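# Observations on the model geometry
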Amino acid sequence: MSQTNKLKIFNDPIYGFITIPNSLVYDLVQHPYFQRLRRISQMGLSYLVYPGAHHTRFHHALGAMHMMQQAVEVLRFKGVDISKEEENALYIAILLHDIGHGPFSHAMEHSIVEEVNHEAISLLFMNQLNQEFNGQLSLAIQVFKGEYHRKFMLQLISSQLDMDRMDYLKRDSFYSGVAEGNINSDRLIQMMNVVDDVLVMEEKGIYSIEKFLMARRLMYWQAYLHKTSLVAELTLTKTLQRAKELLQKRTAIECSRPLKYFMEHKVTLENFSTIDLDTFSQLDDFDIISALKNWQYHDDFILSSLSKMIINRDLSKVKLNSEKFPVEVLQEMSAAFAKKHNLSLQDTKYFIFKGKIKNQAYSKDAEPIRILKKDRTIEDVVEASDQLNLKALSKPVTKYFICYPKQLSEI
């Protein structure tokens, strides 16, 4: 294939045209590992709340790379020295930062691939691709792992104000229709600079940063932690756990080969083999949805009921509270439900459960967002801002929830 044919452009509804910067990036995008991201939804089951939220992680990875291209251009314009190799490493690292996400990511991490998070799997994929591409991803992997001496490069990929967050806030708010999540990414990128190899934001960009942090907080409450999305994801987790439990009891379960593989094998990071990785790369949202459609008709009451809840969007009720729910409430409901459906109390935990969610838009414990002031001093954004709400945004807010089937009486 001729070189010129690899410099493709993608049409993106948010940024217009996204260009593929070189043939190596093109070949990575073309790789089956990356193409799989077309079949992994970015917002999991949020489309049960926001019907437009059907965009994929493929979309998001390209968008984040596009933002990185803008950031490199701005920083070079301001005199920051970024070599061709470093530029390429930034594009590859941001492009592949989410490649390890499984179908409906977080539900998978809590049920099937239990002890391995998506960041660890992303790294396994990167190492595998590095072998296939004869070491051309080595610098990108070094940056991704935080082992490269120029700290700002990691901050552009993973920090409290990185290209990943900028794209997913803008993209998720666009597709879900939650306008509060929209941010001015152009302005934020224009305000970036580097001092002593550390990423800073120029003082005149402070209002855009406040808006960004506020948008993040609102998107969490309104979209990512929306109570219906929450109960859908937890129900999916419980469904997968039940299927795994039945398989281990030698009950026949119909599902795709890759899904069955992870249900039957206990995979940990230490024993994650090339075969595991290859099998994982064949897993996507369709395996899960297809399994749920089959399981609706399974003889097991728990598995079929939970599967129907998701397929037909007939989900449990969720109550949120700023205080913990008393344990007696859970016990009463469990006893009533167990009696009605002839279940053991142990089995009612699939239908009646409680937990908590936490939202913190800005963390004081993590790497701060640094503001470069006019006198060239550097200050944490919370100190530099005249907005009291930034202090409030850095306090974690916890809400407690309880989920129970609709047929149980109201609390």
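Above this text you will find the structure in question.
This write-up is about the structure you can find in this document. Just so it is clear, the structure is predicted and the values come from calculations on it, not from any experiment.

So, how was this worked out
Residues numbered from 1 in each chain as written. Predicted model: local features only at pLDDT ≥ 70, side-chain atom pairs only at ≥ 80, totals over all residues. Heavy atoms only, no water. 1 Å grid on protein atoms, 1.4 Å probe; cavity = no way out; pocket = protein on both sides within 12 Å on 5 of 7 lines; lining within 4 Å. Points joined across faces, edges and corners; volume = space filled by probe spheres on them. Helix = DSSP H or I, 4+ residues; strand = E, 2+ residues; numbered from the N terminus. Nonpolar A, V, L, I, M, F, W, Y, C, P; charged D, E, K, R; others polar. Buried < 20%, exposed > 50% of the residue type's maximum accessible area, 1.4 Å probe, protein only. Polar contact = N/O pair within 3.5 Å; in protein donor to acceptor, adjacent residues only side chain to side chain.

### Some remarks on empty space enclosed by the protein
Applying the stated rule across the entire model yields 2 cavities of 30 Å³ or more. Approximately 80 Å³ is the volume found for the largest cavity. The biggest single contributor to the lining of the largest cavity is strand β4 (residues 198–202), with 3 residues. Here the lining of the largest cavity is built from residues that sort into 6 nonpolar, 3 polar and 2 charged. In this structure, the second largest cavity encloses a volume near 40 Å³. Together, G100, G102, S105, M108, E109, V113, V116, N117, H118, I121 and F280 line the second largest cavity. Broken down by element, the lining of the second largest cavity gets its largest block of residues, 3 residues, from helix α5 (residues 105–109). Residues of the lining of the second largest cavity, tallied by class, amount to 5 nonpolar, 5 polar and 1 charged.

### Section: the environment of S173
Tracing the backbone shows S173 in helix α9 (residues 163–176). Residue classification places S173 among the buried positions, given a relative accessible area of 5%. Within the structure, S173 has its side chain in polar contact with the backbone nitrogen of N182 (distance 3.4 Å).

### Describing the layout of surface pockets
Roughly 1,500 Å³ of volume is contained in the largest pocket. Residue lining of the largest pocket: 48 residues in total, with H106, H118, Y168, Y220 and Y224 positioned closest to the centre. Mapped onto the lining of the largest pocket, the elements with two or more residues apiece are α3 (57–77), α5, α6 (118–132), α8 (151–157), α9, α11 (206–224), α12 (227–248) and β6 (353–359). The leading source of residues in the lining of the largest pocket is α12, at 5 residues. Residues that form the lining of the largest pocket fall into these classes: 18 nonpolar, 18 polar and 12 charged. Within this model, the second largest pocket holds a volume of roughly 210 Å³. Taken together, 14 residues make up the lining of the second largest pocket; nearest its centre are S305, M309, D314, P405 and Q407. Within the residue set of the lining of the second largest pocket, elements represented by two or more residues are α16 (301–311) and α17 (327–341).

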